[in-house]
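# A structural walkthrough
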Amino acid sequence: MTEKVEVKPLTRSEKEAKIKDKAGFVIVFLAALLAINTMIGGSNSSKIQNNTIQANNMWAWYQAKNVRGVLYEISAAEANKPENKEKFLAEAKRMSDDKKEIMEKAKALEAERDEAKKRSPWFTWGGSILQISIVLLTASILAASMAMFYVSTVVGVAGALIVTQALWMWIPWLG
């Protein structure tokens, strides 16, 4: 004959302790991920700002070279001495060559900036969803609700996936 063991339902304090253990661990993990997301997202924002400024500076330099090149061309056209004409045309050519190099650098900076801009909203969304998950996990502890714990953990996983999208842009059709 088997003996029946009576299973008592968990008391509120036992439920709270069980949820605290689980939720505490998940909160620590999500908080660390949020900190990493914030750090890398801030770096990404700085890259956007710095590359925009540097590209603007390059284009201003490009414009200055363009103006100088035109002035050299006008001077060459108006020069009376052949040696001056040659000197002015050589300088105009140098300005043109410089402009090509400057344009390549400016376009490279703009491309880097544009790539960082694609990642920016993902960092924002990922961070916000991680914060919401942490708040929900805290509420699950206070309410001693395993259902809320599971929902908040799913929200945290979604936030973590969004952070990975920001880092690696692994879902190309979302980029």
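Residues numbered from 1 in each chain as written. Predicted model: local features only at pLDDT ≥ 70, side-chain atom pairs only at ≥ 80, totals over all residues. Heavy atoms only, no water.

The next subject is unusual backbone geometry. Here alanine 144, not a glycine, exhibits a phi torsion of approximately 50°, which is positive. Mapped onto the fold, alanine 144 is located in the loop between α2 (82-143) and α3 (146-168). With a relative accessible area of 5%, alanine 144 lands in the buried category. Residues other than glycine seldom take positive phi values, yet methionine 169 does so here, at roughly 45°. (Helix = DSSP H or I, 4+ residues; strand = E, 2+ residues; numbered from the N terminus. Buried < 20%, exposed > 50% of the residue type's maximum accessible area, 1.4 Å probe, protein only.)

Our next topic: the pattern of salt bridges. Once their charged atoms are close, side chains differing in charge can pair, the charge on each being opposite to the other. Summed over all chains, the structure comprises eight salt bridges. When the shortest N-O distance is used, the salt bridge between aspartate 98 and lysine 65 registers 2.8 Å. Pair noted here: aspartate 98 is in helix α2 and lysine 65 is in helix α1 (residues 12-78), with a separation of 33 residues, a long-range link. Of the residues examined, aspartate 98 reaches a relative accessible area of 18% and is grouped as buried. Assessed through its relative accessible area of 8%, lysine 65 is described here as buried. Measuring nitrogen to oxygen at the nearest pair gives 3.5 Å for the salt bridge that ties glutamate 115 to arginine 119. Of this pair, glutamate 115 and arginine 119 are both found in helix α2, four residues apart, which corresponds to roughly one turn of the helix. Because the salt bridges share partners, they merge into one network encompassing Lys65, Glu91, Arg94 and Asp98. (Salt bridge = Lys/Arg side-chain N within 4 Å of Asp/Glu carboxyl O.)

Okay, the side chain of lysine 99 next. Considering the arrangement of structural elements, one finds lysine 99 in helix α2. Although lysine 99 is buried, it forms no salt bridge, and the closest oppositely charged side chain is glutamate 73 at an N-O distance of 7.0 Å. The contacts of lysine 99, once residues within four sequence positions are left out, are Tyr62, Lys65 and Asn66. (Lys, Arg positive; Asp, Glu negative; His and termini not counted. Contact = heavy atoms within 4.5 Å.)

We now examine the packing of α2 against α3. For the pair α2 and α3, the least separation of the axes is 8 Å and the interaxial angle reads 165°. If you check the angle between α2 and α3, you find them roughly antiparallel. Here the hand of the crossing between α2 and α3 comes out left-handed. Taken together, the residues that form the contact of α2 with α3 break down as 19 nonpolar, eight polar and one charged. (Axes fitted to C-alpha atoms, helices over the stretch in contact; angles between N-to-C directions. Parallel < 35°, antiparallel > 145°, perpendicular 65-115°, else oblique. Left-handed = near helix turned anticlockwise from the far one by under 90°. Nonpolar A, V, L, I, M, F, W, Y, C, P; charged D, E, K, R; others polar.)

All right, on to the packing of aromatic side chains then. Enumeration according to the criterion identifies three aromatic pairs in this entry. Consider the rings of tryptophan 59 and tyrosine 62, whose centres lie 5.4 Å apart with planes at 70°: the pair is edge-to-face. Linking tryptophan 59 with tyrosine 62, this pair stays in helix α1, spanning three residues, or about one helical turn. Judged by its relative accessible area of 18%, tyrosine 62 is buried. An angle of 65° between the planes, with centres 5.3 Å apart, marks the rings of phenylalanine 149 and tyrosine 150 as edge-to-face. Residue classification places phenylalanine 149 among the buried positions, given a relative accessible area of 6%. A relative accessible area of 47% means that tyrosine 150 is categorised as partly exposed. (Phe/Tyr/Trp six-rings, centres within 6.5 Å; stacked < 30°, edge-to-face > 60°.)

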